Amino acid sequence: MKTIFTITALLIMAFAQAQTHRFIYQLQYKMDSTETHHEKQNMILDITPKEVKFYGQDLAITDSLNKKFGMNSSYTDMSGQVVKRKINSFDNENFINIKQGYYSFKTTDKINWTISEETKKVENYTLQKATTKFGGRSWTAWFSKDIPFNEGPFKFRGLPGLIFEMSDAKSNFIYTLVKSQKLKDDYSTQNFVESSFGNKAVPINEKQKYKLAMEFYNDPFAFERNNFSKTNNDLKININGTEIRTVDELNTQTKNMQEVIRKYNNPVEVNKAMHYPVY
């Protein structure tokens, strides 16, 4: 662990009066399970006396800049790991971007842990090992009873201490706690968790989520295609730096995008991965 942070006993004892305890994790992940390198981004775990939220740090940064400078920027978190839940609950509300929409859906994600006697020291903390199977993967966690929050990154919770390190058996996802801080005020995420910078999350269920994702895969440029039909193909469209002038060119871009979507189909819960057809 390459971080230095201190959490005092006083901080923990004052939790009932505190507004938000924030823990920042570095997430290393593979968008494509066959790749050898990891993408990296920081994720935030906010714990209040009533609820827990987990989301990308870039969302909070964008929101902060908008408020400070009167901007109207947006940011799309593609980690697929934006969740919130009530304290001490395994019932999660998940937030996701699909096509041009922003949606939420609820899941119950009970996690059964096997706690080992194996321990190790990281800085001044004693970490204890625990293992579980979740989302079609085998996981190893290292937690510390020195910090008595039974929470961790993403949906991982239920251990008798905060999770410091977490990884699956194939190292597709690696979480490492890198920083902690206590926020004096209640930290509102209404602009970027419950909403996506102006677009309030639309409640759906998992079946509807699957349907929306498949519709996007089948025609990722449906909006552009509709414009073609309205203008008798006399329209210039720029897609990823390529100027599109004909339906055939648009179809080629569609196949290219479908290939990218199939390639980067490696969610944390791999047992819920989309099964995309090849046309």
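Please refer to the structure placed before this passage.
Everything in this summary refers to the structure shown in the same document. Bear in mind the structure is a predicted one, so any value in this text is a computation, not a measurement.

1. A short note on the overall build of the chain
- Within the chain one finds 5 helices and 16 strands.
- Counting only C-alpha atoms, the chain reaches 70 × 40 × 35 Å along its principal axes.
- Classification of the 279 residues of the chain by burial places 47% in the buried group.
- Counting contacts in the chain only where the partners sit at least 6 residues apart, residues at least 24 apart contribute 56% of the total.
- A total accessible area of about 15,100 Å² is found for the chain, and carbon and sulfur atoms account for 49% of it.

2. A short note on helix α3 (residues 206-218)
- With 13 residues, α3 should reach 18 Å at 1.5 Å per residue; the first-to-last C-alpha distance of 18 Å fits that figure.
- Buried residues of α3: Lys209, Leu212, Ala213, Met214 and Tyr217, and no others.
- On its buried side, α3 packs onto β5 (91-98), β6 (101-108) and α5 (247-263).

3. What about the packing of aromatic side chains?
- Tallied over the entire structure, the rule returns 12 aromatic pairs.
- Relative to Phe156, the ring of Phe134 lies with its centre 5.4 Å away and its plane at 75°, an arrangement referred to as edge-to-face. Of the two residues, Phe134 is situated in strand β8 (residues 125-134) and Phe156 in the loop between β9 (137-144) and β10 (162-168); the sequence distance between them amounts to 22 residues.
- Judged by relative accessible area, Phe134 falls into the buried class, the value being 9%.
- Through a chain of ring-to-ring contacts, the aromatic side chains of Trp113, Phe134, Trp139, Phe154 and Phe156 assemble into a single cluster.
- Over the face of the ring belonging to Phe90 we find Arg157, whose NZ or CZ atom lies 4.6 Å from the ring centre.

4. Quick word on the sheet that holds strand β11 (residues 173-183)
- Read from one edge of the open sheet, 12 strands run β7-β8-β9-β10-β11-β1-β2-β3-β4-β5-β6-β14, paired in mixed fashion. Strands at the two margins of the open sheet, each flanked by one partner only, are β7 (114-122) and β14 (202-203).
- Pairing of strand β2 (residues 39-47) with strand β3 (residues 51-56) involves 5 bridges; the strand directions are antiparallel. Residue Met43 lies in a different strand from β3, and its bridge partner there is Gly56.

5. Here we look at the pattern of salt bridges
- One pass over the full model with this rule turns up 18 salt bridges.
- A salt bridge links Lys155 to Glu269, with the nearest nitrogen and oxygen atoms 3.0 Å apart. Placement of the pair is Lys155 in the loop between β9 and β10 and Glu269 in the segment after α5, with a sequence separation of 114 residues. Summarising the burial analysis for this pair, Lys155 and Glu269 share the class buried.
- Close ionic contact of Glu206 with Lys272 constitutes a salt bridge, the shortest N to O distance being 3.1 Å.

6. As for the environment of His275
- Following the sequence through the fold, His275 ends up in the segment after α5.
- On a C-alpha basis, the gap between His275 and Phe95 in space is 20 Å, while along the polypeptide they are 180 residues apart.
- Each residue touching His275, except ones within four places of it in the same chain, is listed here: Tyr210 and Met214.

7. Regarding unusual backbone geometry
- Positive phi outside glycine occurs at Lys99, with the angle close to 55°.
- Residue position: Lys99 is located in the loop between β5 and β6.
- Although it is not a glycine, Phe197 sits at a positive phi angle of roughly 50°.
- Mapped onto the fold, Phe197 is located in the loop between β12 (195-196) and β13 (199-200).
- Accessibility expressed as a relative area gives 18% for Phe197, which makes it buried.

8. Focus on a nonpolar patch on the surface
- On the surface, Ile61, Leu65, Phe69 and Met71 cluster together into a nonpolar patch covering about 370 Å² of accessible area.
- Position of Met71 relative to the elements: it lies in the loop between α2 (57-69) and β4 (82-86).
- On the basis of relative accessibility, which here comes to 38%, the residue Met71 falls in the partly exposed class.

9. Digging into the environment of Asp185
- With respect to the helices, strands and loops of the structure, Asp185 is situated in the loop between β11 and β12.
- Taking the C-alpha atoms as reference, Asp185 lies 31 Å from Lys110; in sequence the two are 75 residues apart.
- Each residue touching Asp185, except ones within four places of it in the same chain, is listed here: Gln19 and Thr20.

10. Quick notes on the pairing of β10
- Counting buried positions over the 7 residues of β10 gives 6, a clear majority of the element.
- The pairing of β9 with β10 spans 6 bridges and is classified as antiparallel. Residue pairing across strands places Thr140 opposite Ser167, the latter belonging to β10.
- Across 3 bridges, β10 lies against β11 in antiparallel orientation. Note that in β11 the partner of Met166 across the bridge is Tyr175.

Criteria and thresholds
Position numbers for residues start from 1 in each chain and track the written sequence from start to end. It should be noted that, the model being predicted, local features are given only for residues of pLDDT at least 70 and side-chain atom pairs only at 80 or more, the latter also being counted only at that level, while totals for whole chains, interfaces and linings use all residues. Side-chain descriptors were evaluated using all non-hydrogen atoms of the structure, hydrogens and water having been removed beforehand. Counting from the N terminus, the helices are DSSP H or I runs at least four residues long and the strands are E runs at least two residues long. Only protein chains enter the accessibility calculation, which uses a 1.4 Å probe; a residue whose area is less than 20% of its type maximum is buried, one above 50% is exposed, and one in between is partly exposed. Note on definitions: a residue-residue contact is assigned when non-hydrogen atoms from the two residues lie within 4.5 Å. With residues, only the protein chains shown are counted as cover, and all accessible areas are computed by Shrake-Rupley using a 1.4 Å probe. How far a helix is expected to stretch is found by multiplying one less than its residue total by 1.5 Å. Pairs were defined over the aromatic rings of Phe, Tyr and Trp, the Trp ring being its six-membered one, requiring ring centres within 6.5 Å. Orientation was assigned from the angle between planes: stacked under 30 degrees, edge-to-face over 60, tilted for the rest. Working rule: Lys NZ or Arg CZ, within 6 Å of ring centre, within 35 degrees of ring normal, means a charge sits over the ring. Pairing between strands is defined by DSSP: at least two bridges between them are needed. Salt bridges, as used here, are contacts in which a Lys or Arg side-chain nitrogen is within 4 Å of a carboxyl oxygen on Asp or Glu. To count toward a patch, a residue needs a relative accessible area above 30% and no salt bridge. Like charges then connect within 9 Å, nonpolar side chains (Val, Leu, Ile, Met, Phe, Trp, Tyr) within 5 Å.

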